[in-house]
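Residue strings, one per chain:
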Amino acid sequence: MAESNIVKFYEDRSIFITGATGFMGKVLVEKLLRSCPGINRVYVLMRPSKGKEVTVRIKELISNEVFDSLRREQSNMLEKIVAVTGDVTREGFGLSPSDLNLLIENVSIVFNLAATVRFDEELKDALQMNVKGPRYLLNICRKMKHLEAFVHVSTAFSVVDRPEIDEVIYPSTMDPVKLAEFIDEADASLLSGITKELVGPYPNTYTYTKKLAEQILEKECGTVPLAIVRPSIVTAALREPFPGWIDNLNGPTGLIAGGGKGFIRVFKAESPDLITDLIPVDLSINLMIAVAWHTATHRPANSSVYFSSTSYDNPITFGQFETFTTFAWRKYPTKDMLWYPTSEITNKNWYYQLNVLLYHIMPAVLVDCYARFMGQRANRVRLYKKAFRALSAFDFFFSKQWKFVSKNSDGIWSTLSARDRQTFYFNVREINWHAYFETYILGIRRFILKDDISTLPEAKKNVTKLYLLRNCVHMVFFAASILGFSAVFNFFKFLLRGRAIAISDL
């Protein structure tokens, strides 16, 4: 098989990455080092955090399980990771003159993954990280002597006000630079009062500031070779670094994990036929690496946008999501379940709230009461409230559907050699969703719930017991309902008979 054009391109080049300690950032660093051994250096921006100096944080990053395979097979590659002390919220990232010069003289490719992904972030704070940060980085990129590609990672939901979205940056009715400056300078209390009006159709400050960043970068990039990648909802790995690898409960992962534990049994979506958009993290990372190569070698005249999404080429509905995850949990149950894994989709808020009350809150109250009686910690109600508060942040995304038209991404795929398609696989058309969700559940089991596969026989016994218990409870409820209905029927029958006797006496 012919050599890889992408691997060859990255030889002797140095990379600068922001957001390297995040979920996607770790996968990007690992993939570059494992698949592109000729890379010179990978510079990662880090700031001291929670009392830990950068020297400590870089050791923690390198010791992360995501690098296990690399550590076993190519441990020398980890020496190519170089930490650069800085902060994306500061002008020039607060880099020291020596570190800034290091980047200016050596870096060829920049990946910007740093962002605050909190949906409830204050607008000014979201602006600082998601808009001002990329502008600071753009200024640094202008100084780089060998820059060939600046890949900015945005979100597919940077446009939400149209059902079909192309790989373009839609113009704004307001000057994005002036708007960002107004938000930055506005009084916090004033801004808090007008945030809803400012974000308009956007569901949160995250998506709104991501849109602003795209518009500003396109307006100000000048000769900087800018490419924007828009991932949709990023989920567990399909293949790399390990099938099912995931390290957080964000997005649907929390919902799936809660369902597998029997902790969550109902969620809101507009319809089971509504299309959602999920993208395995490794496919998104491989696209980013290919986009940088394509930008550097093909030199597009203007900045380009690429969707990393599935709704255009391989859509999945909420109904399929619910069916596949439930099936997978019953096939690979976790050993510590609260209830038999079931799930239900509803678009009726009253029905959803009733189910939450009957099947979540009330049982949690009983469990907490028992825990207090036994002198144990009672936290089940608090956990449920926290979980459903987190899920409510996704109401907007579970009530609408979008088609992200990924023609540019498909175009890059069509130009790849057979070797590059194998090494940097990102063809979403070939995802088998049923099989993928089994991989996803096994990943949640292993990496989130820390439930070793050796516990599967025990877990299957437990799930059988819970299945029988659920059926017994259903039978009790059914019998109680019949008895209740019979009692009510007999009561009214008695009343009617008494009334008939009274009338006859008259």
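Scroll up a little and you will see the structure.
Computed from a predicted model, the values in this text were never measured in an experiment.

Enquirer: What exactly am I supposed to notice about the overall build of the protein here?
Expert: Scanning the protein from terminus to terminus reveals 18 helices and 15 strands. Along the first, second and third principal axes, the C-alpha atoms of the protein reach 105 × 55 × 50 Å. Counting across all 506 residues of the protein, residues that qualify as buried make up 52%. When contacts within the protein are restricted to residue pairs at least 6 apart in sequence, those whose partners lie at least 24 apart make up 84%. When the accessible surface of the protein is summed, it comes to about 24000 Å², and 56% of that surface belongs to carbon and sulfur atoms. Between the mean site of the 61 positive side-chain charges and the mean site of the 52 negative ones, the protein shows a separation of 6 Å.

Enquirer: Explain the environment of K31 to me, please; I cannot follow it from the model alone.
Expert: If you trace the backbone, K31 turns up in helix α2 (residues 23-35). Not counting residues within four places of it along the chain, the set of residues in contact with K31 comprises C36, E240, I285, N286, I289, T423 and F424.

Enquirer: Looking at this structure, how should I read the pattern of salt bridges?
Expert: Where charged atoms from two side chains of opposite charge come close, those side chains can pair. Counted under the stated rule, the structure contains 21 salt bridges. Between E220 and R135 there is a salt bridge; the shortest N-O distance is 2.8 Å. On the criterion of sequence distance, the pair formed by E220 in helix α9 (residues 205-220) and R135 in helix α6 (residues 123-143) is long-range, its members being 85 residues apart. For E220, a relative accessible area of 22% translates into the label partly exposed.

Enquirer: Would you take a moment to explain the side chain of T209 for this structure?
Expert: Examined against the element boundaries, T209 turns out to sit in helix α9. T209 gets classed as buried once you look at its relative accessible area, which sits at 0%. Discounting residues that sit within four places of it in the chain, T209 has contacts with L123, A126, L127, N130 and V131.

Enquirer: Help me understand the packing of helix α13 (residues 349-373) against helix α14 (residues 380-392), please; the structure alone is not making it clear to me.
Expert: Helix-helix packing: each pair is described by the crossing angle between the helix axes and the interaxial distance. One can describe the packing of α13 onto α14 by two numbers: an axis separation of 8 Å at closest approach and a directional angle of 150°. It follows from the interaxial angle that α13 and α14 lie roughly antiparallel. Residues Y352, V356, H360, I361, A364, V365, V367 and D368 of α13 form the contact with α14, whose participating residues are R380, V381, Y384 and F388. Residue classes in the contact of α13 with α14 are distributed as 9 nonpolar, 1 polar and 2 charged.

Enquirer: Teacher, can you tell me more about the environment of V199 here?
Expert: One can find V199 in helix α8 (residues 188-199). Of the residues examined, V199 reaches a relative accessible area of 7% and is grouped as buried.

Enquirer: Just checking my understanding: could you explain the sheet that holds strand β3 (residues 81-85) for this structure?
Expert: Strand pairs in the sheet, formed through backbone hydrogen bonds, run parallel or antiparallel to each other. Read from one edge to the other, the open sheet built from 7 strands follows the order β3-β2-β1-β4-β5-β7-β12, with strand pairing classed as parallel. The two strands at the open ends of the sheet, each matched to only one other strand, are β3 and β12 (304-308). This sheet shows a mean twist of 20° between the axes of neighbouring strands, independent of strand direction. Of the strand pairs in this sheet, strand β1 (residues 14-18) and strand β2 (residues 41-46) are connected by 4 bridges, and their pairing is parallel. Bridging across to β2, I15 finds its partner in V42.

Enquirer: Hey, could you run me through the environment of N462 in this one?
Expert: Among the secondary structure elements, N462 is positioned in helix α18 (residues 456-505). For the pair formed by N462 and K335, sequence separation is 127 residues and the distance between their alpha carbons is 6.8 Å. Each residue touching N462, except ones within four places of it in the same chain, is listed here: K335 and M337.

Enquirer: Explanation requested: the layout of surface pockets in the structure shown.
Expert: Unfilled space is identified by rolling a water-sized probe across the atoms. In this structure, the second largest pocket encloses a volume near 830 Å³. If you trace the second largest pocket, you find 28 residues lining it, with R265, W339, L358, Y359 and P363 closest to the centre. Those elements that place two or more of their residues in the lining of the second largest pocket are α13, α14 and α18. The leading source of residues in the lining of the second largest pocket is α13, at 9 residues. Among the residues making up the lining of the second largest pocket, the classes are represented as 17 nonpolar, 7 polar and 4 charged.

Enquirer: Sorry if this is basic, but what is going on with the packing of helix α7 (residues 176-185) against α8 here?
Expert: Where α7 meets α8, the closest approach of the two axes is 11 Å, and the angle between their N-to-C directions is 155°. Judged by the angle between their axes, α7 and α8 are roughly antiparallel. With respect to the hand of their crossing, α7 and α8 are arranged in left-handed fashion. In this structure, α7 contributes L179, F182 and I183 to the contact, and α8 contributes L191, I194 and L198. Looking at the contact of α7 with α8, its residues break down into 6 nonpolar, no polar and no charged.

Enquirer: When you look at the nonpolar core in this model, what are you seeing that I'm missing?
Expert: Across soluble globular proteins, you tend to see nonpolar side chains buried next to one another. With 128 residues, the main nonpolar core has Y10, I17, L32, V44, F111 and F437 as its most contacted residues. It is helix α11 (residues 281-298) that provides the largest number of residues to this core, a total of 11 residues. Apart from the residues lying within four places of it in its own chain, the contact partners of I17 are L28, V29, L32, V42, Y43, V44, L45, F111 and L113. Residues L137, I140, L217 and V224 belong to the second largest nonpolar core, which totals 26 residues.

Enquirer: Which parts of the structure should I look at to understand the pairing of strand β5 (residues 149-153)?
Expert: Each regular strand shows side chains that alternate between the opposite faces of the sheet. Taken across its 5 residues, β5 has 5 buried, putting it largely inside the fold. The side-chain alternation of β5 yields two buried faces, one formed by A149, V151 and V153 and the other by F150 and H152. Where strand β4 (residues 107-112) lies against β5, 4 bridges are found, and the strand directions are parallel. Within β5, the residue paired with I109 across the bridge is A149. Each parallel crossover has a hand, and the one from β4 via α6 to β5 is right-handed. Across 4 bridges, the pairing between β5 and strand β7 (residues 226-231) is parallel. In the strand pairing of β7, H152 is matched with I228.

Enquirer: Can you help me understand a positive patch on the surface in this one?
Expert: Together, R377, R382, K385, K386 and R389 make up a positively charged patch on the protein surface. Along the polypeptide, R377 turns up in the loop between α13 and α14.

Enquirer: Honestly, unusual backbone geometry in this entry has me stumped. Any pointers?
Expert: Negative phi values dominate among residues other than glycine, just as trans dominates among peptide bonds. That bond from E240 to P241 is cis: its omega, 0°, falls within 30 degrees of zero. Looking at the element boundaries, P241 is found in the loop between β8 (233-235) and α10 (252-260). At F93, a residue that is not glycine, the phi angle is positive and equals roughly 60°. By the element assignment, F93 lies in the loop between β3 and α5 (97-106). Looking at F93, the relative accessible area reads 1%, which means it is buried. Non-glycine residue K450 carries a positive phi angle of around 55°. With respect to the helices, strands and loops of the structure, K450 is situated in the loop between α17 (433-448) and α18.

Procedures and definitions
- Residue numbers here run from 1 along each chain, matching the order of that chain's written sequence.
- Confidence filtering applies because this is a predicted model: local features only for residues at pLDDT of at least 70, side-chain atom pairs given and counted only at 80 or more, and all residues used for totals across whole chains, interfaces and linings.
- To get the side-chain values, take all heavy atoms of the structure and skip hydrogens and water.
- Counting from the N terminus, the helices are the DSSP runs of H or I reaching at least four residues and the strands are the DSSP runs of E reaching at least two.
- Think of it in three bands: residues with accessible area under 20% of the maximum for their type are buried, residues over 50% are exposed, and the middle band is partly exposed, with areas taken using a 1.4 Å probe on protein chains only.
- Residues count as neighbours in contact if any of their non-hydrogen atoms are within 4.5 Å of one another.
- Per-residue accessibility takes into account occlusion by the displayed protein chains alone, with areas from the Shrake-Rupley method and a 1.4 Å probe.
- The charged-residue count follows a simple rule in which Lys and Arg add positive charge and Asp and Glu add negative charge, with His and chain termini not counted at all.
- A charge is said to be at NZ when it belongs to Lys, at CZ for Arg, at CG for Asp and at CD for Glu.
- Criterion for a salt bridge: a side-chain nitrogen of Lys or Arg within 4 Å of a carboxyl oxygen of Asp or Glu.
- Every axis in this analysis is a line fitted to C-alpha atoms, fitted for helices over the stretch in contact. Angles between the N-to-C directions lie between 0 and 180 degrees.
- Oblique is the label for any angle not under 35 degrees, not over 145, and not in the 65 to 115 range, which are roughly parallel, roughly antiparallel and roughly perpendicular in turn.
- Residues are sorted three ways: Asp, Glu, Lys and Arg are charged, Ala, Val, Leu, Ile, Met, Phe, Trp, Tyr, Cys and Pro are nonpolar, and all the rest, Gly among them, are polar.
- Here, strands pair whenever DSSP counts at least two bridges between them.
- Using a grid of 1 Å spacing that covers the protein atoms alone, one calls a set of points a cavity when a 1.4 Å probe fits there but cannot get out, and a pocket when the set is open and has protein on both sides within 12 Å along at least five of seven lines; lining residues are those with an atom within 4 Å of a point.
- Grid points are joined across faces, edges and corners, and a volume is the space filled by probe spheres set on the points.
- The crossing is said to be left-handed when, going from far helix to near helix, the turn is anticlockwise and less than a right angle, and right-handed when the turn is clockwise.
- We define a nonpolar core as any set of buried Ala, Val, Leu, Ile, Met, Phe, Trp, Tyr and Cys residues linked to one another through side-chain atoms lying within 4.5 Å.
- By the criterion used throughout, a crossover qualifies as right-handed when its path from the first strand across the helix to the second strand runs clockwise, the strands pointing away from the viewer.
- In this scheme, patches are assembled from residues that exceed 30% relative accessible area and form no salt bridge. Like charges are connected within 9 Å, while nonpolar side chains (Val, Leu, Ile, Met, Phe, Trp, Tyr) are connected within 5 Å.

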